[in-house]
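Listed here are the chains, written in short residue letters.
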Amino acid sequence: MDRQTNKRQNSNQPTQPMRMEMGEQADRRQPYRYQPQKPTKPQKSGVNRWLLIIPGLVLVTLLLLAVIGWFGANAMLDSQYGGKIEPGVSISGVYVGEMNREQAKTVLQSRLTDFNQRPVFLAYQDKNWQPTLEQLGVSVNYDATVNKAMATGQTGDSRVVRLMNPRTYNLPIEIQVDETKLRGYLSDISDRLRKSAIEPNFEIKDGKITTSDGAEGLNVDFDVTYDAIRQSLLKLQSNTQNLLTVHNVTPVIANKELSDFKGQVEPFLSGPIVFKFKDKSWKLDEKAIARMITVKRILDPKQPVHFTASIDTTQVEKFVTDLRKEINKEPKDAKIAWQNNQVVATEQSTTGQYLVVDKTVDQAIKLLNNPAQRNLDLVVDVREPAIDSTKLDRLGLKEMVSEGVSQFGGSASERAININVGAKYLNGALIKPHSTFSFLDQIGEISAERGYAKGYAIIADQTVPDVGGGICQVATTTFRAAFYAGMPIVERNAHIYRVSWYEEMGEPVGFDAAVYQPGVDFKFENSTDNWMAISAFTKSGRLYVQIWGTKAAGQSVELIKGQISNQKSPPPDRMEIDKTLAPGTKKQVDTARPGLDVTITRIVKVNGLEVKREPFFTRFQAWPNVFKVGPTPAAIPSGNN
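Rules and cut-offs
Starting from 1, residues in each chain are numbered consecutively following that chain's sequence as written. At least 70 in pLDDT is required for a residue's local features to be given in this predicted model, at least 80 for side-chain atom pairs to be given and counted, and no such filter applies to totals for whole chains, interfaces and linings, which use all residues. Side-chain descriptors were evaluated using all non-hydrogen atoms of the structure, hydrogens and water having been removed beforehand. Secondary structure is summarised from DSSP: a helix means a run of H or I of at least four residues, a strand means a run of E of at least two, and numbering begins at the N terminus for each. Residue burial is assigned from relative accessible area. The probe radius is 1.4 Å, only protein chains are included, and a residue is buried under 20% of its type maximum, exposed over 50%, and partly exposed in between. By definition, residues are in contact when any of their heavy atoms lie within 4.5 Å. Surface exposure here means Shrake-Rupley accessible area, sampled with a 1.4 Å probe, where a residue is shielded only by the protein chains that are shown. The definitions used throughout rest on a 1 Å grid laid over the protein atoms alone, on which a cavity is an enclosed set of points accommodating a 1.4 Å probe that cannot get out and a pocket is an open set flanked by protein within 12 Å on both sides along at least five of seven lines; lining residues are those having an atom within 4 Å of a point. Grid points are joined across faces, edges and corners, and a volume is the space filled by probe spheres set on the points. In this count, Pro and Cys sit with the nonpolar residues alongside Ala, Val, Leu, Ile, Met, Phe, Trp and Tyr, while Asp, Glu, Lys and Arg are called charged and the others, Gly among them, polar. Two strands are counted as paired when DSSP detects at least two bridges linking them. Throughout this description, the term salt bridge denotes a Lys or Arg side-chain nitrogen within 4 Å of a carboxyl oxygen of Asp or Glu. In these notes, a set of buried Ala, Val, Leu, Ile, Met, Phe, Trp, Tyr and Cys residues joined through side-chain atoms within 4.5 Å is what counts as a nonpolar core. For helices, the axis comes from a line fit to the C-alpha atoms of the stretch in contact; other axes are also lines fit to C-alpha atoms, and the angle between any two N-to-C directions lies between 0 and 180 degrees.

A.B. asks: How would you sum up the overall build of the chain? Please name residues and give values.
C.D. replies: Of regular secondary structure, the chain possesses 18 helices and 36 strands. In the chain, buried positions account for 38% of the 641 residues. In the chain, of all internal contacts separated by at least 6 residues, the share reaching a separation of at least 24 is 72%. Just so you have it, the chain exposes about 37900 Å², and 50% of that area is on carbon and sulfur atoms.

Right, here's the structure in full:
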């Protein structure tokens, strides 16, 4: 180490002294000691030692010169390439090595001039678009790109080593894309080209079918085109290849489906449907049918069927229902009478008919889809009358079952009129098997318009003028006929007071029935399996009510008079003012009668054996003499004579 240091420090001194000094110094390093003399090897001469030292010195010198040259070369190269891009550096294929910042930027801008103005090409048919980078929202960051190029290759090995082992770099140019602006530009083109597909259409108007075929639409494949533009921009080269991808938009409904659907609907309108019944006919024309057809178009690509047609059954039903007023007819029973010991028809019966709407509608809908058959017979339910004039023998009106009789001779004319009118409405009444007969329902409204006269009637506790006075005698006589027929009495109301003329033929007290509209009725049941008929007529001041039908085998009916009880004396005479009478006039309208309770009994026998015993209780109120009197005359004022 000391020798080398001295050598560097005294490199200008003559070599021979440096050697010597180095030899002396080497000897001085050995410490002095006494040692016994030993045989020694022969020592080499001084010339041989220098032969070893000289080559080492030469090598050291050369190394020193090499280091000095290395650093000098690096310093010279650094001076030459300072402020420049390393050799071997390119930017997107443009060589910028050994260029300073401005040179590299200028070269890049020059190279990208055409790219800036026409980066991509978009076209469809006769339309084309060549937007600038600015229109696409793209900007090139030259400064950032050159800065990266300047920094490339500046670290690591020294300049000499980098030149001896050159490397190449191709840096991408930095661009910035405004996605919103790029998408907006492409959306504008898409909006200009977009054309919606036209779907086939089907319409029924004025009974005729009209159709229109569909047509394909047009649309831009936005995502495909967008990706193609981005990929092209990365190449930093003007692209003359059309990057716009456009596809046709197929309608959801195919024209063939429209044609097939038309074929399905045409039978509906192939002609009018004619409804027939007997000698009448009604036509449902094509326009009316068209209004009943509902067509629905379904624009759902997932659905296999896109057209449907249905018949609005409510409209068909309305058309058929309206025919009822021309078809429907109630059956009419024959009017019958008992003549010469047999029943005869005084008025002929007619059958009834009713249109069956639901079944007719069902057949009409089936017919709509049948172009070969367009006539339809209405479904009509024919109903026979309950009393068929051609089948009177089936009624079972074989004989007179029972008869009721009452005396009205000597009655007031108004009362006699009402008895005759009531008998007329009662006559010919027919009673179905196992049905209830209502006296008031049969004779109808008791009014002057129907022929009744005004007479006296008992209303509440007064005898007053009323239309129909005397009708109770018709009800009483009917009660007697039903009583002797053995029919169940459903409703029977007694008079308020005892009426003497119901006993003129020896009838027992309480064998009567009162009626008054509304609500006070007389009813009995036809408990047989055959029809019953009522014959009512007047003769020689008597009223006859007969029930005709089929007698129950072996049946007989007996009447047992009841014992009178709970008798009460008549109250004092009662005067009632009647303004229709002249002043001072007095007219008796009711006779005093005592009050009493009485029960008559009906016994029904079959083959002489009693099968039923029925009591009929009556309570008559005590009734005064009733007089109608005219109003008291007013005082006549005196005058001056």
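This is not the end of the story, as more comes after the structure.
A.B. asks: Requested: an account of empty space enclosed by the protein, with residues and values cited.
C.D. replies: Scanning the model with the defined rule gives one cavity of 30 Å³ or more in all. The calculated volume of the largest cavity comes to roughly 60 Å³. Surrounding the largest cavity, Arg 480, Tyr 497, Arg 498, Val 499, Tyr 502, Glu 503, Pro 508, Val 509, Gly 510, Phe 511, Asp 512 and Phe 620 form its lining. Grouping the amino acids of the lining of the largest cavity by side-chain chemistry returns seven nonpolar, one polar and four charged.

A.B. asks: Before we move on, can you summarise the pairing of strand β9 (residues 208-212) with the specific residues and values?
C.D. replies: The pairing of strand β8 (residues 201-205) with β9 spans five bridges and is classified as antiparallel. Across the sheet, residue Lys 205 finds its bridge partner in β9, namely Lys 208. In textbook terms, the turn of a hairpin is the stretch between consecutive antiparallel strands, and for β8 and β9 this stretch comprises two residues, one of which, Asp 206, has a positive phi near 55 degrees.

A.B. asks: Could you give me a rundown of the sheet that holds strand β6 (residues 169-171), with the residues and numbers involved?
C.D. replies: As a general point, the strands of a sheet are linked pairwise by backbone hydrogen bonds and lie either parallel or antiparallel. What the three strands build is an open sheet, ordered β2-β1-β6; its pairing is mixed. Looking at which strands have only one partner, the edges of the open sheet turn out to be β2 (94-95) and β6.

A.B. asks: Can you explain the pattern of salt bridges? Please cite residues and give values.
C.D. replies: All told, the structure shown has 21 salt bridges when counted by the stated rule. The partner of Arg 192 in a salt bridge is Asp 188, and the shortest N-O contact between them spans 2.9 Å. Of this pair, Arg 192 and Asp 188 both sit in helix α9 (residues 179-193), four residues apart, which is roughly one turn of the helix. Residue Arg 192 is classed as exposed on the basis of its relative accessible area of 58%. A relative accessible area of 37% means that Asp 188 is categorised as partly exposed. Each of Arg 574, Glu 576 and Lys 628 takes part in salt bridges that share partners, so that together they form one network.

A.B. asks: Please set out the nonpolar core residue by residue, giving values where relevant.
C.D. replies: Leu 426, Phe 439, Phe 522, Phe 524 and Ile 534 are the most contacted members of the largest nonpolar core, which totals 47 residues. Put simply, the parts of the chain that give this core at least two residues each are α16 (413-426), β22 (429-431), α17 (439-443), α18 (471-485), β28 (532-539), β29 (542-549) and β34 (595-606). Counting residues per element, this core draws most heavily on α18, which supplies nine residues.

A.B. asks: Outline the sheet that holds strand β26 (residues 489-491), supporting the account with residue identities and numerical values.
C.D. replies: Strand order across the open sheet formed by three strands is β23-β27-β26, with antiparallel pairing between neighbours. The sheet is open, and its two edges are formed by β23 (436-438) and β26, each paired on a single side. For this sheet, the mean inter-axis angle between neighbouring strands, taken without regard to orientation, is 30 degrees. Bridge analysis of β23 against strand β27 (residues 523-525) gives three bridges, and the strand direction is antiparallel. Considered in β27, the bridge of Thr 436 is made with Glu 525.

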